[in-house]
Amino acid sequence: MIIRGKIVGTADPATVTVEGKQIASVETGAAKGGELGGDDVWISPGIFDVQVNGAGGVSYNSAELTVDEVLKSCEWPYKAGTPLLCPTITTSPVDQALAALTALSQACEESATVRASFVGFHVEGPYIASEDGPRGAHPLEHTRDPDWEEFCRYQDAAGGRIKIFTLAPEREGALAFIEKATASGVIISLGHTGATRQRVREAVEAGAKMSTHLGNGAHATLPRHDNYIWEQLAADELWAGLIPDGHHLPGPVLKSFCRGKQKERVCLVSDVASIAGLPAGVYDRVYGEDRVEIHENGKISLAGTPYLAGASLFLDKGIPNTVAFTDASLEDAVEMASINPAKLLGVDDRLGIVEPGKEASLTLFRWEEGQDVLDIVATIVAGEVVHQG
Ligand SMILES: [Zn+2]
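From a predicted model like this one, the values you see are computed outputs, not experimental measurements.

Attention shifts here to the domain arrangement of the chain. In terms of domain boundaries, the chain breaks down into domain 1 (2-43 + 374-388) and domain 2 (47-350). With twelve residues of domain 1 at the contact, the number on the domain 2 side is 15 residues. Of the roughly 1,100 Å² buried where domain 1 meets domain 2, counting both sides, 75% is carbon and sulfur surface. Broken down residue by residue, the surface that domain 1 buries against domain 2 is led by Val 8, Leu 374 and Val 381, which jointly contribute 44%.

This paragraph deals with the state of the cysteines. The final tally for this structure, using the stated rule, is zero disulfides. Residue Cys 108 stays outside any disulfide, its sulfur separated by 8.8 Å from that of Cys 74, the closest cysteine. On the basis of relative accessible area, Cys 108 is assigned to the buried category, the value being 0%.

Of the protein atoms, only Glu 124 (OE), His 192 (NE2) and His 213 (NE2) coordinate the zinc ion, at distances of 2.0 to 2.1 Å. Within one chain, the residues donating to the zinc ion are spaced in sequence as E-x67-H-x20-H. Of this pair, Glu 124 sits in strand β9 (residues 121-124) while His 192 sits in the loop between β11 (187-190) and α7 (197-206), and the two are 68 residues apart along the sequence. Per residue, the accessibility class of Glu 124 equals that of His 192, and both read buried.

Here we come to the pairing of strand β20 (residues 375-381). Taking burial as the measure, the seven residues of β20 include six buried ones, the bulk of the element. Judged from the five bridges that link them, strand β19 (residues 362-366) and β20 form a sheet pairing that is antiparallel. Each residue of the ladder has a partner; that of Leu 362, found in β20, is Ile 380. Sheet analysis places β20 next to strand β21 (residues 384-388), joined by four bridges and oriented antiparallel. Each residue of the ladder has a partner; that of Val 381, found in β21, is Glu 384.

What follows deals with the pattern of salt bridges. According to the stated counting rule, one finds 19 salt bridges in the structure shown. For Glu 150, the salt bridge is made with Arg 144, and the minimal N-O distance between the two is 3.1 Å. An identical accessibility class is assigned to Glu 150 and Arg 144; each is buried. The partner of Arg 197 in a salt bridge is Glu 231, with the nearest N and O atoms 2.9 Å apart. Taken together, the positions of Arg 197 in helix α7 and Glu 231 in helix α8 (residues 228-234) put the pair 34 residues apart, joining distant regions of the chain. Owing to a relative accessible area of 37%, Arg 197 belongs among the partly exposed residues under this scheme. Salt bridges linked by common partners bring Arg 197, Arg 201, Glu 205, Asp 226, Glu 231 and Glu 237 together as one network.

Looking now at the side chain of Lys 261. Summarising the element assignment, Lys 261 is placed in the loop between α9 (251-260) and β14 (266-268). Of the side chains with opposite charge, Asp 236 lies nearest to the buried Lys 261, which makes no salt bridge, at 5.7 Å. A polar contact of 2.9 Å, which involves the side chain of Lys 261, links it to the backbone oxygen of Ala 235. Reaching out from Lys 261, the side chain makes a polar contact with the backbone oxygen of Leu 238 at a distance of 2.9 Å. Apart from the residues lying within four places of it in its own chain, the contact partners of Lys 261 are Gln 232, Leu 233, Ala 235, Leu 238, Ala 240 and Val 266.

Because an α-helix packs 3.6 residues into every turn, residues spaced three or four apart end up facing the same way. The end-to-end C-alpha separation of helix α3 (residues 94-110) is 24 Å, in line with the 24 Å expected for 17 residues at 1.5 Å each. Listed as buried for α3 are Ala 97, Leu 98, Ala 100, Leu 101, Ala 103, Leu 104, Ser 105, Ala 107 and Cys 108. Against the buried residues of α3 lie α1 (67-73), β8 (84-89), α4 (112-117), β9, α5 (148-157) and β10 (162-167).

With parallel pairing, the eight strands of this open sheet are ordered in space as β5-β8-β9-β10-β11-β12-β13-β14. The open sheet has two edge strands, β5 (48-52) and β14, and neither has a second partner. As defined by bridge partners, strand β12 (residues 210-211) adjoins strand β13 (residues 239-242) across two bridges and the pair is classed as parallel. Each bridged residue has a counterpart across the sheet, and for Met 210 the counterpart in β13 is Trp 239.

Conventions adopted
- Residues numbered from 1 in each chain as written.
- Predicted model: local features only at pLDDT ≥ 70, side-chain atom pairs only at ≥ 80, totals over all residues.
- Heavy atoms only, no water.
- Domains from an automatic or database assignment.
- Contact = heavy atoms within 4.5 Å.
- Buried area = accessible area lost by both parts, 1.4 Å probe.
- Disulfide = S-S within 2.5 Å.
- Buried < 20%, exposed > 50% of the residue type's maximum accessible area, 1.4 Å probe, protein only.
- Donors = N, O, S within 2.8 Å, 3.2 Å for Na, K, Ca; no water.
- Helix = DSSP H or I, 4+ residues; strand = E, 2+ residues; numbered from the N terminus.
- Pairing = 2+ DSSP bridges.
- Salt bridge = Lys/Arg side-chain N within 4 Å of Asp/Glu carboxyl O.
- Lys, Arg positive; Asp, Glu negative; His and termini not counted.
- Polar contact = N/O pair within 3.5 Å; in protein donor to acceptor, adjacent residues only side chain to side chain.
- Expected span 1.5 Å × (residues − 1).

Printed below as a string of structure tokens:
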């Protein structure tokens, strides 16, 4: 397969040749032919979103999740130009989590495409804060203290694919858990936490490496200086997942966070809920018994309240938002959504760069300054075109 376009970060025409699952060559200069792309098409390393809760009505957090549903759910991220993701499950009873992780793992076994797309699983909770505010929309009755044996059952059900685990470090036993999980190769991310600054620091020293959707899953009101958001923002050891949908973080906060993390340690995440991709309207039982509403502008709220209840915008919107709200260039924003997550997960030897020898997981799009959404031309997973716009 031959792709013609411009590599993000350069303005030169380029021809990318894909053989099998890999990029065979990248030639710059006058581009020739090409089955895919065009002179005005950007060729980007595959957008990699480390927090996706489901899509198109399929929740990865369901006890009834089937392999077919998992396969079907990929259509939405692919349409949005996201070939690479971490399917994410949230706080639930143990049997539900085990069933969901088993289905996600079986989907990886059965489909080479899904296996290439699901770079690792992200488990967010249940060892998070029980307190209103930091807990967000996670069900209170299933929040609990870290339990290493229970986590090992999760990891077995997932076939060893859990790569990111979000917890609140103030829970009893969390620091020992962080040390063990880190030693086992799992990235511990701090989130849905009300920890003291001191506890955040101890978690970092125990091995925590990331903040989950920094600035969200937090108290509505905090002491202005002495709080866990500043502590995490200032901790150079921590990468930050940021939701650039325009609803979760106001533009100036996104800009300040990107600067605080100096872009190299930001991973843009969509955190899309299972109803992402569905039309605006009110939906039942997305989180337990709660009814949620998708608004025309993509905001999801608990129906009848102003409270956010998840996100619905993929990074085809989040990347232009990041360019609009911060001083990031297109190249910077794409890096925050491709090579950065690949580095965080330790897979940058094969993903995140358009170079010969790397896996051909790519996003092709048209975009001009000021455009508010990427116009996706094609999404490619390990050499396979999974979506064409
Ligand atoms: Zn969350």
